Amino acid sequence: MIIWVSFIVLVVTLLLLDLFVLHRKEEVLTIRQAFLWTLFWIAVALMFNVMIYFLYEQNWLGWTDSEWHNLTGQEAAIQFFTGYVIEKSLSVDNIFVIALIFTYFAIPIQNQRRVLFWGIFGAVVLRGIMIALGTVLLKRFEWLEYVFGALLLFSASKMLFMREGELEPEKSFAVRMVRRFYPVAPHFDGHRFFTLVDGKKAATRLFLALVLVETSDVIFAIDSIPAVFAVTKDPFIVFTSNIFAILGLRALYFAVAGMLVRFRYLRTALVVLLAFVGTKMLLGHYIHISNVISLAIILTILMVGVVASIASNRGRVNRELQNESPQEPGEPS
């Protein structure tokens, strides 16, 4: 219990540090600053992974005496890193959706960080509840592994055929529920989620964006949490790898949101990743794939997607340059 409470205190401290100390002003992050903050959050996660190793290897406070945490330090560290890589990779697709939400509601860039902060704060709470529920259910009903595996394969197929323009925020259940209880102000009121219109409390478009960001995270969590359960059943590793992956989501968004269009094959790589993890979960009782091999396969899938995207972009640029090359003297126009 002490370790769980300590981790929650650490997460709250990092969130408060991020909001009230490191980024008190509403200045817009440059791409360079966003990349540096992304690297900072990755470094924090890697340092925590070192702590994971010693926690399990040295059996601090009798941690591994529990049936929930019966792992060696090496096994725990590999499982945490694999879960972190999966979560971090799948969060990229979440960034696609968040970018569409901000574009749809025309959220000023200086206010986007506030929405992302509270979106992440809510995601920490919601994922904690979902992971606790999933852990108990998998412990009592092992056949749910097949349900989770099938869910991942379904999600992979849905992602493969989903078009980016299919997002229709105004038709979502969450937005319709907000409009039922509050009128929506036609204007922004700084970084406030609520304002007054004709003396009555009204929601701003900033609040609608926040509600949709939270809703989209729940939807993505339905995919990503079972994906980590395919790697480990240890609730502490599932929860911590999830949380560290989304803690850096705000910086990652500003670092890559404008560049995602250049990585055209990254979504295909995520589809293959989900399909692999889903298949691993379905066949786990018949074919054993070690976490080291799983990690290598996952990293290879992502690397192929990135390299293919870079090669495709380079080829497209070369073709455009050839098409725009000046005609030789004497050539007919």
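As shown above, the structure is provided for reference.
Residues numbered from 1 in each chain as written. Predicted model: local features only at pLDDT ≥ 70, side-chain atom pairs only at ≥ 80, totals over all residues. Heavy atoms only, no water.

Let us look at the environment of Val197. Summarising the element assignment, Val197 is placed in strand S1 (residues 194-197). The exposure class of Val197 is partly exposed, given its relative accessible area of 26%. In this structure the C-alpha to C-alpha distance between Val197 and His187, which are 10 residues apart in sequence, comes to 9.7 Å. Every residue in contact with Val197, bar those within four places of it in the chain, is listed here: Ala185, His187 and Ala202. (Helix = DSSP H or I, 4+ residues; strand = E, 2+ residues; numbered from the N terminus. Buried < 20%, exposed > 50% of the residue type's maximum accessible area, 1.4 Å probe, protein only. Contact = heavy atoms within 4.5 Å.)

Using the criterion set out here, one finds 26 aromatic pairs in the structure. With centroids separated by 6.4 Å and ring planes inclined at 65 degrees, the aromatic side chains of Phe193 and Phe207 adopt a geometry described as edge-to-face. Highlighted residues: Phe193 in the loop between helix H6 (173-181) and S1 and Phe207 in helix H7 (residues 205-229), separated in sequence by 14 residues. We classify Phe193 as buried; its relative accessible area is 12%. Members of the aromatic cluster, connected to one another through ring pairs, are Trp4, Phe7, Phe48, Tyr56, Trp63, Phe80, Tyr84, Phe236, Phe239 and Phe244. Positioned over the ring face of Trp68 is Lys139, at 5.1 Å from the centre of the ring. Here the basic side chain of Lys201 rests over the ring of Phe194, its NZ or CZ set 4.7 Å away from the ring centre. (Phe/Tyr/Trp six-rings, centres within 6.5 Å; stacked < 30°, edge-to-face > 60°. Lys NZ or Arg CZ within 6 Å of the ring centre and 35° of its normal.)

What follows concerns the packing of H7 against helix H8 (residues 235-247). The N-to-C vectors of H7 and H8 enclose an angle of 135 degrees; their axes lie 10 Å apart at closest approach. Our classification of the angle between H7 and H8 gives oblique. Here H7 and H8 pass one another in a crossing that is right-handed. Between H7 and H8, the contacting residues are Ser224, Ile225, Val228 and Phe229 on the first element and Val238, Ser241 and Asn242 on the second. Classifying every residue of the contact of H7 with H8 by side-chain character gives 4 nonpolar, 3 polar and no charged. (Axes fitted to C-alpha atoms, helices over the stretch in contact; angles between N-to-C directions. Parallel < 35°, antiparallel > 145°, perpendicular 65-115°, else oblique. Left-handed = near helix turned anticlockwise from the far one by under 90°. Nonpolar A, V, L, I, M, F, W, Y, C, P; charged D, E, K, R; others polar.)

Compared with the 36 Å implied by 1.5 Å per residue over 25 residues, the 36 Å span of H7 between its first and last C-alpha is a close match. Along its length, H7 reaches its greatest deviation from straightness, about 35 degrees, at Ala221. Taking burial as the measure, the 25 residues of H7 include 20 buried ones, the bulk of the element. (Expected span 1.5 Å × (residues − 1). Bend = angle between axes of the 7 residues up to and from the residue.)

When you line up the elements, Ser224 lands in helix H7. Along the backbone, Ser224 and Lys88 are 136 residues apart, and their C-alpha atoms lie at a distance of 9.6 Å. Leaving out residues up to four positions away in the same chain, Ser224 has contacts with Glu87, Leu90, Arg127 and Asn242. Separated by 3.4 Å, the side chains of Ser224 and Arg127 make a polar contact. (Polar contact = N/O pair within 3.5 Å; in protein donor to acceptor, adjacent residues only side chain to side chain.)

As a further point, take a nonpolar patch on the surface. Judged by side-chain polarity, Leu133, Leu137, Phe141, Trp143, Tyr146, Val147, Leu283, Tyr286 and Ile287 come together as a nonpolar surface patch covering roughly 880 Å² of accessible area. Listed by contribution, the elements that provide at least two residues to the nonpolar patch are helix H4 (109-140) and helix H5 (144-161). Here Trp143 lies in the loop between H4 and H5. On the basis of relative accessibility, which here comes to 52%, the residue Trp143 falls in the exposed class. (Patch = residues over 30% accessible without salt bridge, like charges linked within 9 Å, V, L, I, M, F, W, Y side chains within 5 Å. Areas by Shrake-Rupley, 256 points an atom, 1.4 Å probe, with all protein chains shown as cover. Salt bridge = Lys/Arg side-chain N within 4 Å of Asp/Glu carboxyl O.)

Turning next to the pattern of salt bridges. Evaluated as defined, the whole model comprises 5 salt bridges. One salt bridge connects Glu67 with Lys139, and the closest N-O pair in it is separated by 3.3 Å. Separated by 72 residues along the polypeptide, Glu67 in the loop between helix H2 (31-57) and helix H3 (73-104) and Lys139 in helix H4 bring together distant segments of the chain. Relative accessible area serves as the criterion here: at 58%, Glu67 is assigned to the exposed category. A salt bridge links Glu87 to Arg127; the nearest nitrogen and oxygen atoms lie 2.9 Å apart. Of this pair, Glu87 sits in helix H3 while Arg127 sits in helix H4; the two residues are 40 residues apart in sequence, bridging distant segments of the chain. On the basis of relative accessible area, Arg127 is assigned to the buried category, the value being 3%.

The next thing to look at is the side chain of Thr82. Looking at the element boundaries, Thr82 is found in helix H3. Excluding residues within four positions of it along the chain, Thr82 makes contact with Val231, Asn291, Leu295 and Ile298.

Structurally, Thr195 can be placed in strand S1. On the basis of relative accessible area, Thr195 is assigned to the buried category, the value being 10%. Within polar-contact distance, the side chain of Thr195 engages the side chain of Asp189 at 2.9 Å.

Next up on the list: the pairing of S1. Pairing between S1 and strand S2 (residues 200-203): 4 bridges, direction antiparallel. Note on S2: the bridge partner recorded for Leu196 is Lys201. What sits between S1 and S2 in their antiparallel hairpin is a turn of 2 residues, with Asp198 showing a positive phi close to 55 degrees. (Pairing = 2+ DSSP bridges.)

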